[in-house]
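For reference, the chains in residue letters:
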Amino acid sequence: RSTVGQRHVPAARPSSSCEGPLPSWRLASGVCRASSALADEGTFAFSRPMGDCNVVARTNVSDGATSTLQVRRSSAFAGDGAGDAIADAGVSQDGGGPREASLEEGGPPSPERGGERQRGKFLNMKNCKTIQKASQKAFKRLDELNPANLESFWTRMSQLVTRSGKRRDKQTGENLDSKVSQCLTNELGAIFDKTLAEMGTFDPRQLTQTALAFGKIIKALEGPRKGKIQGPTRKILDDLLVGEYWRRKDSLFLTIANHSVPLLPEFGPRFLSNLAYANAIAGTSPRLEDGNTLLDYIAEHSIPILETFNPYDVSNMVWAYERIGAPDPNLLESVEYEICRLDHLGEFKPQDICNLLLAFAKSVDSHPKLFRKFANHIADLASLEDFYAQDLSNMVWAYAAAEESDSRLFRKVADHICQLKNFDKFNPQNLSNTLFAFAKVGEADPRLFSKVADHIARLDNLNPFNPQNLSSTVWAYAKAEEVDPRIFQKVADRIAGLPDLNAFNSNTLSNLAWAFAKAGKADPRLFQKVADRVSGWTDLGSFNQQDLSNIVWALAEAGVDHPILFDRLADYILSNCSLDMFRSQECAQILSAFEAVGGNHDLLLDKVRGHLKETSKGYDTIFRGSDDKEILTTEEEAENNPEKE
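One structure accompanies this document, and this report is about it.

Reading the values: rules and limits
Residues numbered from 1 in each chain as written. Predicted model: local features only at pLDDT ≥ 70, side-chain atom pairs only at ≥ 80, totals over all residues. Heavy atoms only, no water. Phe/Tyr/Trp six-rings, centres within 6.5 Å; stacked < 30°, edge-to-face > 60°. Lys NZ or Arg CZ within 6 Å of the ring centre and 35° of its normal. Core = buried A, V, L, I, M, F, W, Y, C linked by side-chain atoms within 4.5 Å. Buried < 20%, exposed > 50% of the residue type's maximum accessible area, 1.4 Å probe, protein only. Contact = heavy atoms within 4.5 Å. Helix = DSSP H or I, 4+ residues; strand = E, 2+ residues; numbered from the N terminus. Axes fitted to C-alpha atoms, helices over the stretch in contact; angles between N-to-C directions. Left-handed = near helix turned anticlockwise from the far one by under 90°. Nonpolar A, V, L, I, M, F, W, Y, C, P; charged D, E, K, R; others polar. Expected span 1.5 Å × (residues − 1). Polar contact = N/O pair within 3.5 Å; in protein donor to acceptor, adjacent residues only side chain to side chain. Salt bridge = Lys/Arg side-chain N within 4 Å of Asp/Glu carboxyl O.

### Some details on the packing of aromatic side chains
By convention here, two paired aromatic rings are described through the distance between centres and the angle between planes. Inspection of the entire model under this criterion finds 17 aromatic pairs. Aromatic ring contacts, followed pair by pair, group Phe153, Trp154, Phe192 and Phe214 into a single cluster. We note Arg533 situated over the ring of Trp537; from NZ or CZ to the ring centre the distance is 3.9 Å.

### A look at the nonpolar core
Counting residues in hydrophobic clusters, the biggest one holds 179 residues, and the most contacted among them are Trp154, Ile298, Phe374, Met395 and Phe594. Once residues lying within four places of it in the same chain are set aside, the contact partners of Met395 are Cys354, Leu357, Ile378, Phe387, Leu409 and Val413.

### Section: unusual backbone geometry
In this structure, Tyr245 takes a positive phi of about 55° despite not being glycine. Summarising the element assignment, Tyr245 is placed in the loop between α6 (231-241) and α7 (247-260). The backbone of Glu403 sits at a positive phi, close to 55°, despite the residue not being glycine. Looking at the secondary structure, you find Glu403 in the loop between α14 (389-401) and α15 (407-418).

### Quick word on the packing of helix α13 (residues 368-379) against α14
As a packed pair, α13 and α14 sit with axes 12 Å apart at the nearest point and diverge in direction by 145°. Seen from above, α13 lies across α14 with left-handed handedness. Listed contacts from α14 to Phe371, Phe374, Ala375 and Ile378 of α13 are Met395, Ala398 and Tyr399. Partitioning the contact of α13 with α14 into residue classes produces seven nonpolar, no polar and no charged.

### Let's talk about helix α18 (residues 467-479)
An ideal rise of 1.5 Å per residue puts 18 Å on 13 residues; α18 measures up with 18 Å between its terminal C-alpha atoms. With respect to burial, α18 is a largely interior element, twelve of its 13 residues being buried. Next to the buried residues of α18 lie α16 (428-440), α17 (446-458), α19 (485-496) and α20 (506-518). For α18, the N-terminal cap is Asn466; the gap from its side-chain oxygen to the backbone nitrogen of Gln468 is 3.0 Å. Positive backbone phi, approximately 55°, marks Glu481, located one or two places after α18.

### Things to note about the pattern of salt bridges
With the rule as written, the count across this model stands at 18 salt bridges. Between Arg205 and Glu151 there is a salt bridge; the shortest N-O distance is 1.9 Å. Here Arg205 is found in helix α5 (residues 204-222), whereas its partner Glu151 is found in helix α2 (residues 147-162), with 54 residues between them in sequence. Look at Arg205 and you get buried, because its relative accessible area is 11%. For Glu151, a relative accessible area of 7% gives the class buried. Here Lys362 ties to Glu322 by a salt bridge, and the two come within 3.2 Å at their closest N and O atoms. One end of the pair, Lys362, is in the loop between α12 (350-361) and α13; the other, Glu322, is in helix α10 (residues 311-323), and 40 residues separate them in sequence. The exposure class of Lys362 is partly exposed, given its relative accessible area of 25%. A single salt-bridge network, built from bridges that share partners, covers Glu307, Glu338 and Arg341.

None of this, on its own, says anything about what the molecule does.
So, in C-alpha cells, the structure goes:
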C-alpha cells in the first residue's frame, strides 16, 4: 500500500506513432490506441501524449480533406474545483449495485484541465438514436471535440449500447454491410484516439464520467446479457475497448488511472465513489508503476473524508471494492465506524443497505456491530414495502453469509413475504437465496417455506431455475426439515428431464444429492444421473473435502449400486487426500458410506478408523450428513463468473 499523502505522477514515456493502411488495432508501449480513417485507402498518424509533450494527430480521408489537431498536455494538476455535475452512475439489475443518480458537486472546471468545457461549441448527442449516427456526428467535428464533447459522446454511446426495448434493435449493427462497418470502425477508432490524446486535459468530472461510460459499454460486451448488442457493431467495440485477453481494457483503465491519481485530492465523494464503481463494472483494476492500484489511492483519499459521504456514495464505493474482489480492510473499518456512530439510518435507502451488507458479508473480518445496527433499523421500520424482492433476498443472504443471525430481522422479512399476494417479483435466484438464508441461520419459518412451496408447485415447469437454484432450494428444505414432497418431486422431474448434469459443478451436485438423501427422497432417476456425472468426472480434485464426503454419503444412503464409482472414489481418497484435511464428521460420513456399500474397501476403512482413533474423535457415532454448506454465490457474482454468478 502506498504512503498516505504521497501523490503519484505517472512517469514520462516515449511517444509512439504509426502510419499504415486501415483498419488496424494496435497496442503501442502498453497503451490503448487505434488507427482509423474513413476508407481503406486512408491513413492515420498519431503521437501519444506522455509527460510534457505536444500531441499531433493527422487524419487523411478518402475525399482529400485533411484535418490536424494539436494538444498541449499541461504538467500542472491543481485546479479551482471538481467540475459541475456528474450523472448516470449506472444501474445494476442483479445482485445489488448502484442506481442511476444525478447529483451536483460544486465548482467550475479547472483552468488547467478541462478548461475547454467553457470554450468551443457544445456537441449535443442526445438526438442521436443509433451508434452509427452518434459516431458520424462526432467524427464530422473531430477537430473541434474538446473534453466535454468527448465525455458527452462516450456517455451517449454507453446509453445506446445498454438501453433496452425496440429502439435498441435498430442499432445492433447486425445488418451493416462491409463498407458501413469499415466506416464505423474508422470513426470510432479516431474518436477513441482523440479521447486518449485529450485525456491529459480532462477535469475530475470528465475523467469520472468517461470512465463510467467505458465501464458500462464493457460490462454490456462482457456480461451474461451479451445480447444487448450484436453483429459487427459488437465486434468493433470489443476490439476497440476489450481486446484479446482483456489487454486493451486493462491498458485503457491504466491510462485513466494514471491521469486520475494526481487529481484525486480534487475529487469529491461522488467522483471518488463513481470512479471506483467504473473500475468495478469494467472488471479491472490494473496496477500502476509503483505497484498500487487506483482503488488503493481512492481508499486513501476517501477514508479521511468519509463523514462527508452520503449513504449512496458510501454504499457504491464499498460495493465496488467487493465487486472487483479487492476489499480494503481499512476502508471497511472506517465505514463501519461512521455508520455505527450515526443516531439513525433513516437516510439509507433499501439498495444502499443491501449493497453495504453484501460487501461486509464477504469481508474476511467480522463486523457484528454493523450488522446489528442495520438489523435494529430494519426491524423497527413500519413496513418493508420499499424493499424489492432482490433487496429482501440479498439482505437475508448477507446475514447468512456473515453468520450474523437476528431473529427480529428474519421474522420481519418472513412476515412481509408471507403477506404478499404472489411471488411474481421473485425470480428463481431470489427465492432460492431467501430459503437458503433462513435455513442457514436456523430461522426457518414454516409459513414462509410453505408459501414458497405452494408457489413452486403451481409453476408449469422449473426451466428458469439454473443448477444452483435447484440445488440450494432443495438444500434449504432439507436443512430446515421442512420437507415438502411436491418440491422434491418437481426438482427430481426437472433433473430427470435434463440430457446430462454437466452444468452442475461439484458444490451444486453435492448439495443436490445431500438434500435428497437427507430428506429421505431417494429418487432412482436423480441418483443414477448423479452417479453417472461423478463417475465421468475428469478430475475429482475439484471436489473439496466436504463435497466429497457428502456425495459419498448421499450415494450410499440412497442405495446407489455403482461398484466402479465407489472403487474410484475410494482409490482417490487413499491416493490423493490427507485425512487430516477432513473434519471428524466428514470422516464419519465416509466410513459410514463405505461400510454400507460393501466391497473390497478394507484399506480405506482401516485408514479412516485409525485416523478417528488417533484424533480421539471416536467413530461409533455416525453423522447423517454435514449441515454446514459453503455459502452459495449471489446472482450478481454469477454474472461476472459464469462457472458459479
